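Results of the structural survey
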Amino acid sequence: MAAPTSPAPQQVRIALGERSYDIRIGAGVLADPASWAGLPPAAAALIVSNTTVAPLYAQRLRAALAGHYRSVFEVVLPDGEVHKDWSTLNLIFDALLSHGCDRKTVLFALGGGVVGDMTGFAAASYMRGVPFVQVPTTLLAQVDSSVGGKTAINHPLGKNMIGAFYQPERVVCDLETLATLPARELSAGLAEVIKYGPIFDLAFFEWIEANIAPLLQRNPQALAHAVRRSCEIKAEVVGQDEREAGLRAILNFGHTFGHAIEAGLGYGEWLHGEAVGCGMVMGLQLSRRLGLVDEAFVQRVTTLIARAGLPIVGPDLGADRYLELMRVDKKAEAGQIRFVVIERPGQAAVRGASDEIVRQVLADCTR
Ligand code: NAD
Ligand code: GLY
């Protein structure tokens, strides 16, 4: 059988008035000069990456940027969610200042969501704001975190608690970089792909169900479609509600429970996507207990999450600890936890729930 061929590059537009930008998606787009044309002019660029991704792809990006900037500097951060903090963020400012970077300097975030979120936050605050470009190299970052302008670092008391809304100039998703991604990270990215189905697009959910095997085998056409459709949905939601006044909160399906798992176990113990996958199972069970969806739909989505290689049973932190952690969630109002629930397949909303129901869900879903 012939090897699967790579589809041509595609573009998705994020329409946000003067902050609009394109997401360029394709195999090999990192080395394509068209990916870098038309960015804001500057004397210098700073590539921000980490100890895992820089050895794999920094040279390729450096070569692509060489014709555009007089100087291309690089800062290599320690790898891992546990380093998404002030001291690591400061390494980016150290690099910018020690190289004498001015306020036109363009930052390039080369890596997964951790590098992307930190680079975006650094760009938002260095000299009160410099341009930045997202070059996501994980599936999770290509389908979610690089798009939409949420930037942040963690605080020991809560995930992504310190940050800013700050949009990139462009997003460049090179599907070839997914070839080196560990299988566990690919599954983590699939959690955020699956998320778009129950909250927004049932037809896409059905497509994922039918294509989960090719996705796990990294079939180029399947990955290209998953990244493109995910970005289109995110573009539609963010275009309507950039700063999460309402609709955008649905993108946090599974995240209230998931963030509690991540913070409760210690950042990095479970991957973000794993916690979101399991958090979606909890969110579905909550939706069922609130009388919104039936058991058959809960089982259908749970089955797909498991087939993607994700955990569907949460760690037993104790219900009190879960509730304590979830009260720090950004959606909480006056200490009242608010959850993204599935109102009907393909449509989500944000709701409160009594502690008693949440305890029942946790009893169902943790061990
Ligand atoms: P990550 O950034 O930690 O990357 C996962 C691992 O894969 C890391 O070890 C990384 O070095 C490695 N890696 C990256 N690209 C690789 C490649 N091509 N080949 C081999 N290894 C590679 O994790 P992630 O899952 O990409 O992102 C999770 C983070 O994103 C979390 O901090 C989460 O809070 C954040 N997030 C943000 C948003 C947002 O809207 N800003 C949305 C979702 C998630
Ligand atoms: N990942 C959730 C959001 O971007 O809003």
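Figured I'd write up the structure that's included with this text. (Residues numbered from 1 in each chain as written. Chains lettered and ligands numbered in written order. Predicted model: local features only at pLDDT ≥ 70, side-chain atom pairs only at ≥ 80, totals over all residues. Heavy atoms only, no water.)

Moving on to the site of ligand 2. All residues adjacent to ligand 2 are Asp 144, Lys 150, Lys 234, Arg 248, Leu 251 and Asn 252. The contact in question runs from an oxygen atom of ligand 2 to an N or O atom on the side chain of Lys 150, over 2.8 Å. One of the side-chain N or O atoms of Lys 234 is found 2.6 Å from an oxygen atom in ligand 2. Starting from 200 Å² of accessible surface for ligand 2 in isolation, the protein chains cover 90%. When grouped by side-chain class, the residues that make up the shell around ligand 2 number one nonpolar, one polar and four charged. (Near = heavy atom within 4 Å. Polar contact = N/O pair within 3.5 Å; in protein donor to acceptor, adjacent residues only side chain to side chain. Areas by Shrake-Rupley, 256 points an atom, 1.4 Å probe, with all protein chains shown as cover. Nonpolar A, V, L, I, M, F, W, Y, C, P; charged D, E, K, R; others polar.)

This part takes up the pattern of salt bridges. For the coordinates displayed, the defined rule picks out 26 salt bridges. Between Glu 244 and Lys 150 there is a salt bridge, and its shortest N-O distance comes to 2.5 Å. One end of the pair, Glu 244, is in the loop between helix 7 (220–240) and helix 8 (255–265); the other, Lys 150, is in strand 7 (residues 150–155), and 94 residues separate them in sequence. The partly exposed category is assigned to Lys 150, whose relative accessible area is 30%. Here Glu 209 ties to Arg 300 by a salt bridge, and the two come within 2.8 Å at their closest N and O atoms. Highlighted residues: Glu 209 in helix 6 (residues 202–216) and Arg 300 in helix 10 (residues 295–307), separated in sequence by 91 residues. (Salt bridge = Lys/Arg side-chain N within 4 Å of Asp/Glu carboxyl O. Helix = DSSP H or I, 4+ residues; strand = E, 2+ residues; numbered from the N terminus. Buried < 20%, exposed > 50% of the residue type's maximum accessible area, 1.4 Å probe, protein only.)

Turning our attention to the site of ligand 1. Of all residues adjacent to ligand 1, which total 28 residues, the nearest are Asp 79, Glu 81, Thr 137, Thr 138 and Thr 180. Note that an oxygen atom of ligand 1 is positioned 3.0 Å from one of the side-chain N or O atoms of Asn 50. Notes on ligand 1: free accessible area 870 Å², of which the protein chains cover 91%. Counting only elements with at least two residues in the shell around ligand 1, the list comes to helix 1 (54–65), helix 3 (113–125), helix 4 (139–145), strand 8 (158–165) and helix 5 (183–200). Looking at the shell around ligand 1 residue by residue, the class counts come to seven nonpolar, eleven polar and ten charged.

It is worth spelling out the packing of helix 2 (residues 86–98) against helix 3 at this point. Two elements in contact, helix 2 and helix 3, have axes whose closest approach is 10 Å; the angle formed by their N-to-C orientations is 60 degrees. Taken together, the axes of helix 2 and helix 3 are oblique relative to one another. The hand of the helix 2/helix 3 crossing is right-handed. Across the interface between the two elements, Trp 86, Thr 88, Leu 89, Ile 92 and Phe 93 from helix 2 touch Met 118, Thr 119, Phe 121, Ala 122 and Ser 125 from helix 3. Class assignment of the residues belonging to the contact of helix 2 with helix 3 gives a composition of seven nonpolar, three polar and no charged. (Axes fitted to C-alpha atoms, helices over the stretch in contact; angles between N-to-C directions. Parallel < 35°, antiparallel > 145°, perpendicular 65-115°, else oblique. Left-handed = near helix turned anticlockwise from the far one by under 90°. Contact = heavy atoms within 4.5 Å.)

Not every positive phi belongs to a glycine, and Arg 128 is a case in point at roughly 65 degrees. Positionally, Arg 128 belongs in the loop between helix 3 and strand 6 (132–136). For Asn 160, which is not glycine, the phi dihedral falls at a positive 55 degrees. Examined against the element boundaries, Asn 160 turns out to sit in strand 8. By relative accessible area, Asn 160 is classed as buried at 16%.

Looking at the secondary structure, you find Ser 287 in helix 9 (residues 272–289). On the accessibility criterion, Ser 287 (0% relative accessible area) is buried. Here Ile 342 takes part through its backbone nitrogen, which lies 3.0 Å from a polar atom of the side chain of Ser 287. Once residues within four sequence positions are removed from consideration, Ser 287 is found in contact with Leu 292, Val 293, Val 341 and Ile 342.

Counting 77 residues, the largest nonpolar core has Ile 23, Leu 139, Phe 257, Met 282, Met 326 and Phe 339 as the members making the most contacts within it. With ten residues, helix 7 is the single largest residue contributor to this core. When residues no more than four places from it in sequence are discounted, the contact partners of Leu 139 are Leu 178, Leu 181, Leu 186, Gly 189, Leu 190, Val 193, Leu 223 and Val 227. Of all hydrophobic cores here, the second largest spans 22 residues; its members include Val 29, Leu 61, Val 135 and Val 172. (Core = buried A, V, L, I, M, F, W, Y, C linked by side-chain atoms within 4.5 Å.)

With that settled, consider empty space enclosed by the protein. Applying the stated criterion to the full structure yields two cavities of 30 Å³ or more. Space inside the largest cavity adds up to approximately 100 Å³. Lining the largest cavity we find Leu 157, Gly 158, Lys 159, Met 161, Thr 256, His 259, Ala 260, Ala 263, Leu 325, Met 326, Val 328 and Asp 329. Contributing elements (two or more residues each) for the lining of the largest cavity: strand 8, helix 8 and helix 11 (319–326). (1 Å grid on protein atoms, 1.4 Å probe; cavity = no way out; pocket = protein on both sides within 12 Å on 5 of 7 lines; lining within 4 Å. Points joined across faces, edges and corners; volume = space filled by probe spheres on them.)

Residues of helix 11 that are buried: Tyr 322, Leu 323, Leu 325 and Met 326. Looking down the long axis of helix 11, one finds its buried residues gathered within 165 degrees of arc, a one-sided arrangement. Packing partners of the buried residues in helix 11 comprise helix 8, helix 9, strand 10 (338–344) and helix 12 (355–365). (Arc of directions from axis to C-beta.)

For strand 3 (residues 44–50), the tally of buried residues reaches seven of seven residues, placing the bulk of the element in the interior. Of the two faces of strand 3, the one carrying Ala 44, Leu 46, Val 48 and Asn 50 and the one carrying Ala 45, Ile 47 and Ser 49 are both buried. Pairing of strand 3 with strand 4 (residues 71–77) involves seven bridges; the strand directions are parallel. Opposite Asn 50, over in strand 4, you have Leu 77 as the bridge partner. Bridge count between strand 3 and strand 5 (residues 106–111): four bridges; the pairing is parallel. Its bridge partner being in strand 5, Val 48 is matched across the sheet by Ala 109. (Pairing = 2+ DSSP bridges.)

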